[in-house]
Amino acid sequence: MTLATAPQRSTASAADRTDRRRRDHGVWFLVLPALIPILVLSAGPLLYGIGLAFTDAQSGRTQATRFVGLLNFSDLFQDSLFWDSFRIGLVWAFGVTVPQFVLALGLALLLNLNLRLRWLARALAIIPWAMPEVVVGIMWRLVYHPDAGILNETLRGLGLSGAGGGRDWLSGLATALPAVIVVGVWAGMPQTTVTLLAGLQNVPRELHEAAAMDGAGAWRRFRTVTWPALRPIALAVTALNFIWNFNSFALVFVLTDGGPGGRTRLPMLFAYEEAFRYGQFGYAATMGLAMVAVISVLLAVYLAGRLKGDDER
């Protein structure tokens with residue numbers, strides 16, 4: 001019996017391997033239509049940009065592009081204007097991400113309550129998310145307008161504006177970056193709110209009821225029931241928001257174009273100017289590669305610290 005079943009097992013295992021290979025081929029056949037555009041439109045330009053960072057590529061140049069090795073990186077490390085823009089980018093990213101998360105969490109907790117017309121409030125909360133960044137920038141330029149803007153008109157109505165006229169919020173050296181940060185928080189808060197609201201709705205209501213029966217107040221229920229369930233989502237959304245905010249371009253470009261005096265010149269704006277205003281494609285690609293490297297390191301440290309803290313709990 002043993003000698004008779006061995007060939008049968010071998011034949012069965014060979015047939016299983018053949019079926020498995022066929023299924024794998026079928027999966028790759030289904031994935032290819034989505035994988036090819038990713039490789040062509042994402043991986044290809046990324047690899048081209050990395051290669052461009054090691055050349056002296058320029059626009060309008062008649063000579064052939066040459067490989068210059070690490071020369072662009074050496075110049076970049078000595079470029080004080082770029083590192084000033086990098087510092088402004090970090091201030092912008094933290095200044096938008098932190099208030100964005102705090103306000104979105106409060107709004108998500110409010111929208112999670114069983115209130116009347118809750119559906120209408122949820123619909124209104126996501127309106128800024130549905131608006132293109134260019135439209136948001138134009139709208140807020142009108143809000144900040146020194147003469148006819150609603151902000152200055154409101155301040156005049158309250159008697160808080162000086163006799164000399166309205167303040168030009170987007171052109172003042174001290175007010176431009178805070179004014180742009182306010183717009184960034186307003187524009188990005190709905191996306192964070194929706195994400196946190198989805199996480200809140202997955203928290204079992206029975207846990208809240210049990211904690212309430214044990215005498216736990218609202219703050220204690222949030223700290224012991226809601227936040228532990230929401231922490232993984234909060235970690236993911238803050239990391240993604242930080243990346244998105246640091247790489248912002250269109251909103252600040254429409255609002256200030258990096259002015260006044262470079263006070264709102266984010267790294268992406270600086271790289272854009274180097275590439276398309278001054279034609280330094282190789283140097284601009286070096287900036288992009290340096291930004292990706294530094295932000296990756298910062299995020300790795302942040303995520304490692306947060307995950308280590310979660311494991312210790």
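First, a word on what this report is: a plain description of the structure on this page. Small disclaimer: the values here were computed from a predicted structure and weren't measured.

With that settled, the discussion passes to the layout of surface pockets. By volume, the largest pocket amounts to about 550 Å³. In terms of lining residues, the largest pocket is bounded by 24 residues, among which M268, G288, L289, M291 and V292 are the most central. Put simply, the parts of the chain that give the lining of the largest pocket at least two residues each are α1 (2–52), α10 (218–246), α12 (267–277) and α13 (281–312). Among the elements that make up the lining of the largest pocket, the one with the highest residue count is α13 (10 residues).

This brings us to the side chain of T256. Its location among the elements puts T256 in the loop between α11 (250–255) and α12. Residue classification places T256 among the buried positions, given a relative accessible area of 14%. Those residues in contact with T256, other than ones at most four positions away along the chain, are R141, L170, V180 and T264.

On to the pattern of salt bridges, then. Applying the stated criterion across every chain yields a total of five salt bridges. Between E273 and R277 there is a salt bridge whose closest N-O contact spans 3.6 Å. You can see E273 and its partner R277 sitting in helix α12, four residues apart, about one turn around the helix. Classification of E273 as buried rests on a relative accessible area of 7%. The partly exposed category is assigned to R277, whose relative accessible area is 46%.

Bringing the packing of helix α6 (residues 133–143) against helix α8 (residues 176–201) into the picture now. Across the interface, α6 lies against α8 with an axial gap of 11 Å and an inter-helix angle of 135°. When the axis of α6 is compared with that of α8, the two are oblique. Remark: the crossing between α6 and α8 carries right-handed chirality. Contacts from V136, M139 and W140 of α6 reach α8 at V182, V183, W186 and A187. Across the contact of α6 with α8, the residue classes break down as seven nonpolar, no polar and no charged.

Here is what the cut-offs are and how they apply
- Residues numbered from 1 in each chain as written.
- Predicted model: local features only at pLDDT ≥ 70, side-chain atom pairs only at ≥ 80, totals over all residues.
- Heavy atoms only, no water.
- 1 Å grid on protein atoms, 1.4 Å probe; cavity = no way out; pocket = protein on both sides within 12 Å on 5 of 7 lines; lining within 4 Å.
- Points joined across faces, edges and corners; volume = space filled by probe spheres on them.
- Helix = DSSP H or I, 4+ residues; strand = E, 2+ residues; numbered from the N terminus.
- Buried < 20%, exposed > 50% of the residue type's maximum accessible area, 1.4 Å probe, protein only.
- Contact = heavy atoms within 4.5 Å.
- Salt bridge = Lys/Arg side-chain N within 4 Å of Asp/Glu carboxyl O.
- Axes fitted to C-alpha atoms, helices over the stretch in contact; angles between N-to-C directions.
- Parallel < 35°, antiparallel > 145°, perpendicular 65-115°, else oblique.
- Left-handed = near helix turned anticlockwise from the far one by under 90°.
- Nonpolar A, V, L, I, M, F, W, Y, C, P; charged D, E, K, R; others polar.

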